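Notes for the structure review
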Amino acid sequence: MLQKFDTATKIISNEQIATNHFLLRCKCPKIAAQSKPGQFIHVLIDKGSNLLLRRPFTIYSIKDDEISMLYQIIGKGTKILSTCQQDQQINVLGPLGNCFDLSVEPDPAIVVGGGAGIASLMLLATALRLNGIRLIAMIGAMSSDRLLSVKDLEEIGAEIHITTDDGSFGNQGFVTDSLLAVLEKPTKNGLRNPIIFTCGPSGMLQAVTKIVVDYEIPCQVAMENEMGCALGVCLGCVCKVRSPNAGFEFQRVCSEGPVFNAKDIIW
């Protein structure tokens, strides 16, 4: 089991990169050295904010001793976080949770990110490309001003498919439309041993799960859920999964997850 570190650090930068979305960088050498794609951190914002609970964020990128997190303003915590400035202190606990399973090499790897869900897939995408694995990236957003990670994915050489709900950029529709378009022509699209990795809103993940089951393609899902402790104690983040005896059980997204086999999740 990897060691966890609770680190007091200062913000290096906290920049708005799209409507209601920010990228925060901070220096966490021990967490950076231990973290693997799919894992997350639990952040305690400065005490002056009066927020008692930490907030979970996926590790978006690692560069030397720095980590970054891409987040969306959703509630009070992320709203306050978006106002934090350079050199303001935060506490970062991590790395937490399990990671994506890369024991079988995909050919190609297909990442499917809906909205801020792409944040959970970027560190994985970078690792895959560093290992010379072909990467197809499918990004979905409500509109062009909410598109995330396009430039980052271009820089690592991903083949990018973009959909927006309103058609303001890329194809109009859902990200699952792009996924189906590629899967329907496996030979043309060079799908030899594809594995899908996905994160996004619950409805999107359910749709992706149905598709991969129909096409019999392995798929790993990075789940997102509200968390209290992020250490498996409070049981506030459980999800329903199939158990080996053909029944079901509840597993903790923070510890047994956040990455699950798509076929194991009971929606």
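Notes on the structure in this doc start here. (Residues numbered from 1 in each chain as written. Predicted model: local features only at pLDDT ≥ 70, side-chain atom pairs only at ≥ 80, totals over all residues. Heavy atoms only, no water.)

Brief notes about the layout of surface pockets
Roughly 1,300 Å³ of volume is contained in the largest pocket. Along its surface, the largest pocket is lined by 46 residues, and Gln72, Ile74, Ala116, Gly117 and Glu224 are the ones closest to its centre. Listed by contribution, the elements that provide at least two residues to the lining of the largest pocket are strand S4 (55–58), strand S6 (66–72), helix H2 (76–82), strand S9 (135–141), helix H5 (175–183) and helix H6 (202–215). No other element matches the four residues that S4 contributes to the lining of the largest pocket. The class makeup of the residues in the lining of the largest pocket is 21 nonpolar, 18 polar and seven charged. Approximately 350 Å³ is the volume attributed to the second largest pocket. Breaking the lining of the second largest pocket down by element, the ones donating at least two residues are strand S2 (21–27), strand S5 (61–63), S6, helix H3 (122–130) and helix H4 (150–155). (1 Å grid on protein atoms, 1.4 Å probe; cavity = no way out; pocket = protein on both sides within 12 Å on 5 of 7 lines; lining within 4 Å. Points joined across faces, edges and corners; volume = space filled by probe spheres on them. Helix = DSSP H or I, 4+ residues; strand = E, 2+ residues; numbered from the N terminus. Nonpolar A, V, L, I, M, F, W, Y, C, P; charged D, E, K, R; others polar.)

Topic: the sheet that holds S5
Taking strand neighbours across the sheet as the criterion, the seven strands line up as S4-S3-S7-S1-S2-S6-S5 in an open arrangement whose pairing is antiparallel. Edge strands, defined here as strands with exactly one partner in the open sheet, are S4 and S5. Neighbour-to-neighbour, the strand axes of this sheet turn through a mean angle of 35°, independent of strand direction. (Pairing = 2+ DSSP bridges. Axes fitted to C-alpha atoms, helices over the stretch in contact; angles between N-to-C directions.)

Points about the sheet that holds strand S10 (residues 159–164)
Pairing in this open sheet of seven strands is mixed, and the strands run S11-S10-S9-S8-S12-S13-S16 from one edge to the other. Each having just a single partner strand, strand S11 (171–172) and strand S16 (259–261) make up the two edges of the open sheet. Relative to strand S12 (residues 195–199), strand S8 (residues 109–114) is paired through five bridges, and the arrangement is parallel. Bridge pairing links isoleucine 110 to isoleucine 196 in S12. The sheet strands contacting H5 are S8, S9, S10 and S12, and the helix crosses S9 at an angle near 150°. (Contact = heavy atoms within 4.5 Å.)

Observations concerning unusual backbone geometry
Looking along the chain, the bond that leaves glycine 94 and enters proline 95 is cis, with omega of -5°. With omega at 0°, the peptide bond leading from aspartate 107 into proline 108 counts as cis. Mapped onto the secondary structure, proline 108 falls in the loop between strand S7 (89–96) and S8. With phi around 65°, asparagine 20 is a residue other than glycine that occupies positive phi space. Turning to its location among the elements, asparagine 20 is positioned in the loop between strand S1 (5–18) and S2. Even without glycine at this site, aspartate 87 takes up a positive phi of about 75°. Tracing the backbone shows aspartate 87 in the loop between H2 and S7.

Overview of the packing of aromatic side chains
Enumeration according to the criterion identifies four aromatic pairs in this entry. When the ring of phenylalanine 248 is compared with that of phenylalanine 250, the centres are 5.9 Å apart and the planes differ by 90°; the resulting orientation is edge-to-face. Overall, the relative accessible area of 52% leaves phenylalanine 250 in the exposed class. Above the ring of phenylalanine 248, the side-chain terminus of lysine 240 is found at 4.1 Å from the ring centroid. (Phe/Tyr/Trp six-rings, centres within 6.5 Å; stacked < 30°, edge-to-face > 60°. Buried < 20%, exposed > 50% of the residue type's maximum accessible area, 1.4 Å probe, protein only. Lys NZ or Arg CZ within 6 Å of the ring centre and 35° of its normal.)

Brief notes about the pairing of S9
In terms of burial, S9 is a largely internal element, seven of the seven residues being buried. Bridge analysis of S8 against S9 gives six bridges, and the strand direction is parallel. In the sheet register, valine 111 faces S9, and the bridge partner there is alanine 137. With respect to chirality, the unit in which S8 leads through H3 into the neighbouring parallel S9 is right-handed. Where S9 meets S10, six bridges bridge the pair, whose relative direction is parallel. Its bridge partner being in S10, alanine 137 is matched across the sheet by isoleucine 160. (Right-handed = clockwise from strand over helix to strand, strands pointing away.)

It is worth stressing that arrangement in space is one thing and function is another; only the former is reported here.
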